[in-house]
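Examining the three-dimensional arrangement
Spelled out from the first residue to the last, the chains are:
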Amino acid sequence: MLDSGQVALAAPAVVNAWSAATVAATNGIDDAINRLVEPIANAVGGAIFSRACVGDGLSFSASGACAPGDTAIPLIVAWLVLGGVVCTLYFRFINFRGFAQGFRLMRGDYADSGSPGEVSHFQALTSAVSGTVGLGNIAGVAVAITLGGPGAAFWMIIAGLLGMSTKFAECTLGVKYRQQNPDGSISGGPMYYLSRGIAERYRGLGGFGKALAAVFAACAMLGGIGAGSMFQANQAFAQFHKVTGGAGGPLEGMGWLFGIGIATLAGLVVLGGITRIGRVTEKLIPAMILVYLAGCGAVLVVHLDALPGAVALIVSSAFSGEAAAGGVIGALIAGFQRAAFSNEAGLGSAPIAHSAVKTNHPATEGLVALWEPFIDTVIVCTATALMVVVTGAWKIEGMEGVAITSSAFATVFDWFPYVLTVAVFLFAFSTMLTWAYYGAKAATYLTGENRWVSNGYIVLYLVAAVVACTMDLAQLINLSDGLIFLMAIPNLIGVYLLLPVVREEVDGYFAKLKSGEIRPTAD
């Protein structure tokens, strides 16, 4: 029998042997799953992320690769940006003229607690922002500047401003066609305005609208597990693993424990529905963004003398294409792609959260939703871009993603990347909260309102987060990305068909506001 000293000496060896066996076993499972999913991921990715190749002529590439010297334009990005242009022009620059009223609504000046819904305007906004402000704001922006040069940041801001109009349209529709359930809860989003709105407006297209709604819901339900749960948890663990010493640190082989921790925290929130998510995000999101912006601000203060030059470089590179693959077009595409992927304008995800707002006027939530791409892209992504450019981190060879942003933080203090690690965790955690709700709502749309289905989906979603921290399921996550962006196709078709409905809502709202029929309720 071993004494306590022998047990103490043997314990680390046992743990290490168990960890090694676990890693070996999961590697085999990883490979098997990746091989199984790869053909499907390639097919979906090839369709969604196909590119138009612009050079001497115009050609299309399903593989995403264009001939040397040609500029590749991702078709899904063009589709999303087109939505922003159309909505901005159709609603006469609502992204600017409705901005101040959106702030007043968000602040609670017109709050009516007796209106149908589950959350306030501010809670709906923070719930939706928690789904968009994620790792893309930290890692994706750095990648965009590496590929497109500093000028990509300028086009990113332009795309963010255009995306505000798309959010306005889809979130107005989300409230207009939402469904109030017998228990008082709200179900809304593209599934409902595609099925109910199109049938109501175009009598002969009811079946078409239902088909679009089913495609959207299936993509949201399945894509959310990979992009909203697995990717976020995996990347959060990867950052913690790195800053604690990597392979030689205490978290080596402990991904399962980290996964259980983040899944448990998320479960305590999301199982309480949108009401609890709203209560958490209204406190978490402002704090999370302020922590990150404070870190960025500290970097900019340290490099204050280089800030004017960085701003000038961003503007000049937007039109000269210096350091960008593909020149000006390369910078424009890199910026537009990052904005489109970051703020999710046109994907149709945000209306699911915004639909739960307490209001009798659908246009009010559209106006509040204007702030979502502004916060995500114009503020947070721009802060990252300025920091990466002002420190010169984007020019460091051999680095990509979070590592670039981390190196920019390290120019302040050696320990400053730990601030970034906290931000990475909070960004990933907040995204997990909202996408769990999105996926659950999509699942109950397909099966009918059922608490068992909703909770069952959430449990599966959380288990996937634990698995993602122990396995490298790259192909499964790639498939999820494709499904997420596939949502934009049925969603924007529905938005285009229902643009007149949105115009009626917003014109009617502003008319009532002007006549005094709608007055502020706040003191």
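Residues numbered from 1 in each chain as written. Predicted model: local features only at pLDDT ≥ 70, side-chain atom pairs only at ≥ 80, totals over all residues. Heavy atoms only, no water.

1. Considerations on the packing of helix α16 (residues 371-391) against helix α17 (residues 402-409)
- Across the interface, α16 lies against α17 with an axial gap of 9 Å and an inter-helix angle of 65°. Accordingly, the angle class assigned to the pair α16 and α17 is roughly perpendicular. The way α16 lies across α17 gives a crossing that is left-handed. Here T384, M387, V388 and T391 of α16 come into contact with α17, specifically with I404, T405, A408 and F409.
- Looking at the contact of α16 with α17, its residues break down into five nonpolar, three polar and no charged. (Axes fitted to C-alpha atoms, helices over the stretch in contact; angles between N-to-C directions. Helix = DSSP H or I, 4+ residues; strand = E, 2+ residues; numbered from the N terminus. Parallel < 35°, antiparallel > 145°, perpendicular 65-115°, else oblique. Left-handed = near helix turned anticlockwise from the far one by under 90°. Contact = heavy atoms within 4.5 Å. Nonpolar A, V, L, I, M, F, W, Y, C, P; charged D, E, K, R; others polar.)

2. Here's the deal with the side chain of S349
- Note on placement: S349 falls in the loop between α13 (327-343) and α14 (350-354).
- Taking the relative accessible area as the measure of exposure, S349 reaches 0% and is therefore buried.
- Within the structure, S349 has its side chain in polar contact with the side chain of E344 (distance 2.6 Å).
- Not counting chain neighbours up to four residues away, the residues in contact with S349 comprise F216, E344, W435, Y438 and M487. (Buried < 20%, exposed > 50% of the residue type's maximum accessible area, 1.4 Å probe, protein only. Polar contact = N/O pair within 3.5 Å; in protein donor to acceptor, adjacent residues only side chain to side chain.)

3. Here we look at the pattern of salt bridges
- In this structure the tally under the stated criterion is six salt bridges.
- With a shortest N-O distance of 3.7 Å, R92 and D507 are connected by a salt bridge. Here D507 lies in helix α22 (residues 499-515) and R92 lies in the loop between α2 (75-90) and α3 (94-97), a separation of 415 residues in the sequence.
- Accessibility expressed as a relative area gives 44% for R92, which makes it partly exposed.
- Of the charged contacts, one joins R201 and E504 as a salt bridge, the two residues approaching to 3.2 Å between their closest N and O atoms. Highlighted residues: R201 in helix α8 (residues 190-201) and E504 in helix α22, separated in sequence by 303 residues.
- Classification of E504 by relative accessible area gives partly exposed; the value is 48%. (Salt bridge = Lys/Arg side-chain N within 4 Å of Asp/Glu carboxyl O.)

4. Quick word on the packing of aromatic side chains
- Enumeration over the complete set of coordinates arrives at 21 aromatic pairs.
- A ring pair is formed by F240 and F258, whose centres lie 5.4 Å apart and whose planes are at 50°; its orientation type is tilted. Of this pair, F240 sits in helix α9 (residues 206-243) while F258 sits in helix α10 (residues 255-270), placing them 18 residues apart in sequence.
- A relative accessible area of 24% places F240 in the partly exposed class.
- Here the aromatic rings of Y457 and Y461 are separated by 6.2 Å at their centres, their planes lie at 40°, and the arrangement is tilted. With Y457 and Y461 both in helix α19 (residues 451-468), this residue pair falls four residues apart, about one helical turn.
- An aromatic cluster of at least three residues, connected via ring pairs, comprises F237, F240, F258, F425 and F429. (Phe/Tyr/Trp six-rings, centres within 6.5 Å; stacked < 30°, edge-to-face > 60°.)

5. Thoughts on helix α18 (residues 417-447)
- With 31 residues, α18 extends 45 Å between its outermost C-alpha atoms, agreeing within 8% with the 45 Å of an ideal straight helix rising 1.5 Å per residue.
- Counting buried residues along α18, 25 of its 31 residues qualify, which places the element largely inside the surrounding structure.
- Downstream of α18 by a residue or two, G448 has a phi angle that is positive, lying close to 100°. (Expected span 1.5 Å × (residues − 1).)

6. Some remarks on the environment of W79
- Examined against the element boundaries, W79 turns out to sit in helix α2.
- In this structure the side chain of W79 is engaged in a polar contact, spanning 3.0 Å, whose partner is the backbone oxygen of A488.

7. Focus on unusual backbone geometry
- Look at R92: it is not a glycine, yet its phi comes out positive at around 55°.
- At E344, a position not held by glycine, the phi torsion is positive, near 60°.
- Mapped onto the elements, E344 comes out in the loop between α13 and α14.
- Among the residues examined, E344 registers a relative accessible area of 7% and is labelled buried.

8. Observations concerning helix α11 (residues 273-302)
- Given a rise of 1.5 Å per residue, 30 residues ought to cover 44 Å, and the 43 Å separating the end C-alpha atoms of α11 matches this to within 8%.
- For α11, the principal kink sits at T281 and spans about 35°. (Bend = angle between axes of the 7 residues up to and from the residue.)

9. Focus: the packing of α2 against helix α21 (residues 488-497)
- For the pair α2 and α21, interaxial distance at closest approach is 11 Å and the crossing angle is 20°. Comparing their axes, α21 and α2 come out roughly parallel. Relative to α21, the crossing made by α2 is left-handed. Each of I76, W79, L80, L82, G83, V86 and C87 in α2 lies in contact with α21, whose residues at this interface are A488, I489, L492, I493, V495 and Y496.
- Its residues assigned to classes, the contact of α2 with α21 comprises 12 nonpolar, one polar and no charged.

10. Points about a nonpolar patch on the surface
- Together, V85, L89, F93 and F96 line one region of the surface with nonpolar side chains, adding up to about 390 Å² of accessible area.
- The topology assignment puts F96 in helix α3. (Patch = residues over 30% accessible without salt bridge, like charges linked within 9 Å, V, L, I, M, F, W, Y side chains within 5 Å. Areas by Shrake-Rupley, 256 points an atom, 1.4 Å probe, with all protein chains shown as cover.)

11. Considering the confidence of the model for the protein chain
- Scored by pLDDT, the protein chain has a mean of 82; 84% of the residues are at 70 or more.
- With pLDDT under 50 throughout, residues 1-15 is counted as low confidence; its partners more than four residues away or in other chains account for three contacts.
- Below pLDDT 50 for its whole length, residues 21-26 participates in two contacts with residues either more than four positions away or in separate chains. (pLDDT = per-residue confidence, 0-100.)

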